[in-house]
Each structure stands twice: as structure tokens, then as C-alpha cells.
Amino acid sequence: MAWRELGKKKIYMNFTRALTASAFRHVTGSSFASPFAAQSVYASVKCVTDFINQSQGVAGFGSETKECGIRCFHASSPVWARSDEPLGVKTPKGVQYVKRAGRNYLPVKAPYARPNVSANKSNPDKTIEIFEGMTLVELAKRTGKSVSSLQDILTNVGEKVESEFELLSMDVAELAAMEAGINVKRLHSVEGTEVLPRPAVVTVMGHVDHGKTSLLDALRQTSVAAREAGGITQHLGAFVVVMPSGASITFLDTPGHAAFSAMRARGAAVTDIVVLVVAADDGVMPQTLEAMSHAKAANVPIVVAINKCDKPGANPEKVKLQLASEGLLLEEMGGDVQVVEVSATEKIGLDNLEEALLLQADMMDLKARIDGPAQAYVVEARLDKGRGPLVTTIVKAGTLVCGQHVVVGSQWGRIRAIKDTAGKLTQRATPAMPVEIEGLRGLPMAGDDVIVVQSEERARMLSSGRQKKYEENRLRNKMIQDKPTTSDDSMDVPVRVEMPVIVKADVQGTVQAVTDALKTLNSAQVLVNVVHVGVGPLSQSDVDLAQACGACIVGFNVKSPPTALSQAATRASIKIILHRVIYHLLEDIGNLIIEKAPGTSETQVAGQAEVLNIFEIKGSKSKGPDVKIAGCRVIDGFVTRSATMRLLRSGEVVFEGNCTSLKREKQDVDTVKKGSECGLVISNWYDFKVGDVIQCLEQVVRKPKFIKSESGAVRIEC
């Protein structure tokens, strides 16, 4: 090809003629002639490519002047430096040169040096922002990848991009970023769309049993709290309340138990205003402080509702001082946090609470776009036997329409039906509207985003890409958790028993809460290993899995299994724990952990005896050596013949040894209790003195303790 191109340009000079040209003769007489001739051969070979590419720009080479052409070949200094190396071979370190005719040459079989090409490594912690209509160049700048590599990725996933300045949809940009190993965050523009005021999303948070659900029941004229198991909220509920003034407010009810911290965090993430409920007779508690932390982390304004003000022991002023001491600036003290005194049972102060919420919403000027694809947030997800996966979502922007293809987390589907909080079918859901959608292929996680895509093919691709990335992150985290820690200490590592558990619950959020609560029960002796989680009733596959790995099954808020399933679990010695209240569930699991824990062996003092007199028995050949007997009185606990004895003199340990003989009234006994006198002999010790104290030591196995705090948090203390 190179010679063909030279022929087209009418350049017929070959290398032999170049070496014998008149310009070459100018240096033949010099001392550099021979090296020059040898170097020119190698240099000309290595300059073929450069010569062809540069031939058009060499002035005078196309002319009849041969000197210019010769100088083009041999004037480059890097060529001289590389002239001793054969083409494509890099000189490795430590290679012996071969000497021929007084010159050093590389050996014939020199290893080929592969170019060092840095591989593209994924960064799972990096997150970029993508938007509709971004170009491939912009995506390459944000991801840190080259345009060609992104084009190859899009070609592999079936997307055709002809130009690097072609506008990309948000789905295509997310696909390319996910394949490159980078997380994305979608940005939606409001340009050219209709932006209208929307209702406020209010989350009710606070400590357990402070009256959050009762306050919501008083606002919406219902009695949900009376139907809850144990009288406490254990789910995240969403509903719309039409206030007496005619304004609509979307409320989220969060549980107050310590095990449901993730639910409260999700509620604060999607809300506009947080109503912090504090009981006037109880004051600020641990979950109250946690709710304040969640609200501050989400940068959400707080409205304080002091409940139970009708009780005799109510002290609202004390509650205000406690909140102020925790850094909450109340209006009465020059801050901007509104405080309302209410009573859910007597329906006192509800109008003032409504006025405070509407005033806060007006100050925030809440608006959202109505047109375009919807953005929604998963509040809860559950599995229905007849309808399949059901997802409760709150629309943040846009309009969610029945029949659209959506991707929720790593799951996808086509919306078959949309139901409002009253259970009525609707065709569309507008911003700040909680709805329940059905039609997904799998059950997503609570807290996932709902994304509307254009087609089923795009939904499948996004779902598979997210599942792949989720699995990679899960395996990476598992490898980090299971990585052995090397210790230089020579101390013995305590034995840790593994306790496999299978968790089934009614909704996805409760599954996560129960799983997190069980992991807090890990201790130095027992590791709670959640091998499987699921939503829905217990099944035969759960029993088979439990039998295979020796796990116990934990069911929370699920129906009792059929008789045949219970009998199969009994025959396989599988323990099934069913509960509807989180307190009882954690207590039962804690007791099970304590039973399975190996415990720690400790030395305890079982009793003490004081030496009152010393007796000596002379030995002989028939009776043996001399023996000294300590006549003692047991002053505390008991003394056992099989135990180890410790001799104390003036409070200091003098000797430890085994008890070889224990008698009471000349009779051999095994145990002598407090208040009785006895005579004992310690092996290899004869120097007793009156007033010495002899302690009876015994080895005991101490089991861990199940500790439950006032806030409901539990832990295992070893």
C-alpha cells in the first residue's frame, strides 16, 4: 500500500538510490560515513510510516532535488536513537547484548513488550447527574470515559448513535453510565412544562406511644390505632386528608419503635414538612431526637405538636425547654419552629395544627410540574396472592398514567391499575398523590424511585443493568464484610456460633426493618446470618431451605402456615417463630440467641473458710508422708472437695492447689456449707497458719444477657 501511494504521487526514488545519491557522497569522505550508512538502513525502515504521512508537507521532496528527500529520511534525532532496535521489540532490562563485528546487537529471540494500556476501572462510589437531551460528549466528560468507549457500549446494548453531538435520552444515558460502572442521578427540567401548586406532603414522626396515629385518626375521623397490633404502628402509611378549610394534605405515618429507623429516614426523605409529636407527660425521648436528626439531614422544616395535653401529669413548658436544649429554635424563643399544643383523644388544638401546617406550606410555595414523565417514590411494597406485587408510591413530579412502562429499582413492568388511598381505580396520579400501582414483574425495595420509560425493551434493558449492578455491589460488600481481620495478638479468638435465619413479613419495608433489627443482635459469640428474606406467607420452599442450612424461620405479620407445612417443619426439627408485635419478636430471638451462645468460662469464688487450727499427722512407711490438716469454719458460701483451693494470707494470694481431702466429723464429705466446720488438705502445701483464708474456686459458664432499653432498642451483652 505504501509503494502504491508513492507511485500515485510520482515518487519513484527507492532507498538504494537515496543512499547512492550525490547528497550521500558529501559524507563518504568523513569518519562518519560507515556508521551513517548502517544507521540509514535501519532508520529508513522505521521511517516508512512517518515518511508517507509527511510526504505531502515536505517542500521540495516532490521536486527533482534529491538532497531534500535524503534529509527527510535521516534528519530526525529520535530515529538515530532507535536505530539499533529491531521493529516492534523493546529492550528489556538485564538482557545481554550479542557482539558482532565490534558492535552490540540485541539477541534474535528478544521478548515482545506489550504496550501498557490502562484498563477502565469502574468506580461504584461515583455518582453523576444526567438530564434529557445531553450529548455523548457531555456524558463522556461527566463519566471520565472516552467518547469511543461510550459509543462501543451503546452499540453493544443496541443503541445507534451516529454522531458524538447527537442528543441522548435519559434512559440511554443511564444505560451507558451503568455499563461504565457509574451511578446516576436523574435531573428533570421544568422548561416548557406546566408548573402548578401542589399539596404538601407531611410526615408525622416521634417516639413510640406518643400518639402519632391517634392524632392522624383525629384529623381524618378514623380509628386506625385501635386496629394495630400491640397498639403501635409497624408500617409506613400514606393517605390524603381534606382539612376543614378545604385544603388537601398528604400525610405519612411512621412507626416510632427503634427497629424502624430506616422507615423514618424514608419518610423524611420524601416529605415537605415534619410534624414532631411529643407527649406532654413523657417529654423528649430517644426516637424524638432521632426524628429531629432525620429532619435536619433532609433539610425539612419541623412543626412541633405537643400531644396529650389533657392528661393530669402534662407539662408542655418542660417539653419546650427540652426541645430548646436539643437545638430546636422555637418561635416563643425567637426561632422559626411553630409549636402547637393538642390532644388527640379530646380533639383539642386540631384547628391550630391545621393552620400551622398550611402557613408553613404557603411559606414554602410548593409547586411541581404536571406535564412529562412522572417521578415517584416507593413508600411500601407488598405481595398480594391474587394481584401480585403491589407498590405504594407518592408522585413527586409529572403525571403517572395507567399503561405506562416503568422501572422501579431493579424491577420493571407495565402499570395495569392505579388505586388511590380509598381503594378506587383511577387513570392518572398527579404530584403529592399517594397511589398503589400493580403490574410489576417483581417486588422492589422500599425507597426506590419509579421511572417512566418509553418502551418495554428499554424497561427490560434498564432493569437487567440495574440487577447486574446491584448484584456486583452486594458481592463487593459481602467480600468486605467477610474479609478476615489479621491480628498480631496471640490471644485465643472466642468461638462464634452462626445462627441462620429466614425472614418473611407482610411488606417490603417491614422485611428490611426486621432484618436490620436482627443484625443488631449480633454479639461476640453468636452471628445472626439472614440467609433469605421474602414478602408473603410461609411456603414449602422456605421449609426446604431452612432444612438445608439448619435455619429457623421468622414470620412477622404473616398468616399461620397450613397444618401440613407446620407438621413438615416439626418433623425436620425446624423452629418457626411467628409474631405480630416487634417487641415480642426481638425478645424471642434474643432468648434463642442466649440458648445457642457457647458462653464464656469464668472462675468464681464459691465459698470461703477461715483456718482456726492446724493438725499434723505423722507419716510412716505404711501410712505415707507427714500430712498437715487445716481445721476451718466455712464463713461464706460452700466448700467442695473437687474444687481448686486458693490460700490467702493478709489479703494476698499465697498458693493455689487441689483439695485432696475434705472431712467433717471424721467423715469424708463432698461439700461443706456455710457455718459448718471441716478439715481439709491442700495438695503440696503444708505451711498453714491460723487466720488464713481458704477460697473455694469453681469454673462457671456465663451466658450473654438480653438487654432492652426504654426506647425499645435491644442488644446482646456478652
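Summarised in this report is the structure supplied together with it. The residue numbers shown here count from 1 along each chain, following its written sequence. Where local features are concerned, this predicted model is filtered to residues with pLDDT of at least 70; where side-chain atom pairs are given and counted, the filter is 80 or more; whole-chain, interface and lining totals use all residues. Working from all heavy atoms in the structure, the side-chain values ignore hydrogens and water.

Partly exposed describes any residue whose relative accessible area lies between the buried limit of under 20% and the exposed limit of over 50%, with all areas from a 1.4 Å probe on protein chains only and scaled to the type maximum. Secondary structure is summarised from DSSP: a helix means a run of H or I of at least four residues, a strand means a run of E of at least two, and numbering begins at the N terminus for each. Those residues of helix 18 (residues 540–549) that sit buried are Asp542, Val543 and Ala546. The buried residues of helix 18 all sit within an arc of 100° when viewed along its axis, so they share a single face. Exposed residues lying more than 90 degrees from the buried face of helix 18 are Gln547 and Ala548. Residue contacts follow a heavy-atom distance rule, with two residues in contact if any of their heavy atoms lie within 4.5 Å. On its buried face, helix 18 sits against strand 24 (497–505), strand 25 (526–535), strand 26 (552–556) and helix 19 (563–571). Just downstream of helix 18 lies Gly550, where phi reads positive at about 70°. Working note: the arc is built from the helix axis to C-beta atom directions.

Across the 10 residues that make up strand 16 (residues 388–397), a large majority, 8, are buried. Paired strands are those between which DSSP finds at least two bridges. Remark: 3 residues form the turn of the hairpin made by strand 15 (residues 375–384) and strand 16, two consecutive strands paired antiparallel. Sheet topology note: the strand 16/strand 22 (residues 434–440) ladder contains 5 bridges and is antiparallel. Counterpart to Thr392 in the pairing with strand 22 is Glu436.

Where strands meet in a sheet, backbone hydrogen bonds hold them as pairs that are either parallel or antiparallel. Read across the sheet, 4 strands follow the order 25-24-26-27 without closing on themselves; strand pairing throughout is parallel. Each end of this open sheet is capped by a strand with a single partner; those strands are strand 25 and strand 27 (576–579). When the angles between neighbouring strand axes are averaged without regard to direction, this sheet yields 25°. Pairing analysis gives 5 bridges linking strand 24 to strand 26, with the strands arranged parallel. Directly across from Ala505, in strand 26, lies its bridge partner Phe556. A fitted line through C-alpha atoms serves as each axis, taken over the contacting stretch for helices, and the angle formed by two N-to-C directions is quoted from 0 to 180°.

A separate point is the pattern of salt bridges. Salt bridges are defined by distance alone: a side-chain nitrogen of Lys or Arg within 4 Å of a carboxyl oxygen of Asp or Glu. Under the counting rule described, the total for this entry stands at 22 salt bridges. Of the charged contacts in the structure, one is a salt bridge between Lys311 and Asp281, with a shortest N-O distance of 3.6 Å. Of the two residues, Lys311 is situated in the loop between strand 12 (302–307) and helix 14 (316–325) and Asp281 in the loop between strand 11 (273–279) and helix 13 (286–297); the sequence distance between them amounts to 30 residues. Through salt bridges with shared partners, a single ionic network connects Arg382, Asp384, Arg387, Arg416, Glu436 and Glu438.

Looking at where Asn307 falls in the secondary structure, it is placed in strand 12. The exposure class of Asn307 is buried, given its relative accessible area of 2%. Among the polar contacts listed, one links the side chain of Asn307 to the backbone oxygen of His210, at a separation of 3.2 Å. Not counting the four nearest positions on each side in its chain, Asn307 is found in contact with His210, Gly211, Val277, Val278, Ala279, Ala280, Val342, Ser343 and Ala344. Whenever two N or O atoms come within 3.5 Å, that pair is a polar contact, provided that in protein one can donate a hydrogen and the other can accept it, and provided that, for residues adjacent in sequence, both atoms are side-chain atoms.

Interpretation note: all reported values are geometric properties and have no functional meaning in isolation.
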